[in-house]
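Chain residues, written in single-letter form:
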Amino acid sequence: MAYRDKPVLWDIDWTVEQGDLVAIAGPNGAGKSTLLKAVLGLVQPASGQIRVLGRPYRDVREQAAYVPQRTSVDWDFPTNVLDVVLMGLYGQIGWFKRPGKKERTEAMHALEKVGIAHLAERQISELSGGQQQRTFLARALVQDARLYLMDEPLQGVDATTERTIIEILRELQSDGKTVVVVHHDLQTLPRYFDSVLLLNVRRIAAGAVREVFTTENLRQTYRGRIAFVETPKEGG
């Protein structure tokens, strides 16, 4: 993967199993967001290939949902919460057809699931950080996708929102969905996720958290710039 001929990612050989709840972890500038964008076809690899559900992304785009970084969104855009969630259905109904009662009911159900149905008519510029993140999570949920890609959905949210999001991710997994999350908090990663990709421009390690979330792998990933992290113990 390269920007203007400058490599951003290389040597990424990685497979995610269906139904996995997976974290991508690494330092700033490691290429975590770029990897998600590559999966989504937003940036093109200089070499190699990417398959989503066994096929090119363009063939399965309606089966994948994306939650971007909250800081990458223009929250001053004049629209309300319900309309943002309805945008998640445009791939199904088309951009030029107005959502009907069925779509609005589905969007409200998604908002109820993330606990902010009472904010449906609120302008997004008036939301707190946690409410903004819940709005974009609802937009993804309404798509009823097979694959969910989320870029730091827990960044900057309050503890209540964090618990809500994790509960929803686990529900998605229990429904057979695949969930891939860029995650920054190494302390909570072993509790929240089953598998992890440790990334720093290249793949450092990938697999079950219990196997690859080790002190040595973390040191390689963060190049020694890491505080103490309690890693999972065998049989613990």
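Treat the numbers as computed from the prediction; the structure is a model and nothing was measured.

Cut-offs applied
- Residues numbered from 1 in each chain as written.
- Predicted model: local features only at pLDDT ≥ 70, side-chain atom pairs only at ≥ 80, totals over all residues.
- Heavy atoms only, no water.
- Buried < 20%, exposed > 50% of the residue type's maximum accessible area, 1.4 Å probe, protein only.
- Helix = DSSP H or I, 4+ residues; strand = E, 2+ residues; numbered from the N terminus.
- Pairing = 2+ DSSP bridges.

Draft legend 1. The arrangement of the pairing of strand β7 (residues 195-200) in detail. Of all six residues in β7, six are buried, a share of seventy percent or more. A two-sided burial pattern is seen for β7, the buried positions comprising Ser195, Leu197 and Leu199 on one face and Val196, Leu198 and Asn200 on the other. With four bridges connecting them, strand β3 (residues 21-25) and β7 associate as parallel partners. Its bridge partner lying in β7, alanine 23 is registered against valine 196.

Draft legend 2. Summary view of the environment of arginine 191. Tracing the backbone shows arginine 191 in helix α8 (residues 189-192). We classify arginine 191 as exposed; its relative accessible area is 55%. Along the backbone, arginine 191 and valine 209 are 18 residues apart, and their C-alpha atoms lie at a distance of 9.4 Å.

Draft legend 3. How the structure looks around the pairing of strand β5 (residues 147-151). Along β5, five of the five residues are buried, which leaves the element largely enclosed by surrounding structure. Because side chains alternate across β5, one face comprises the buried residues Leu147, Leu149 and Asp151, and the other comprises Tyr148 and Met150, equally buried. Across four bridges, strand β4 (residues 64-67) lies against β5 in parallel orientation. Residue pairing across strands places valine 67 opposite methionine 150, the latter belonging to β5.

Draft legend 4. Summary view of helix α1 (residues 32-39). Within α1, seven of the eight residues are buried, which leaves it mostly tucked inside the rest of the structure. Residues Lys32, Ser33, Thr34, Leu35, Leu36, Ala38 and Val39 constitute the buried set of α1. Remark: glycine 41 follows α1 within two positions and exhibits a positive phi of approximately 75°.

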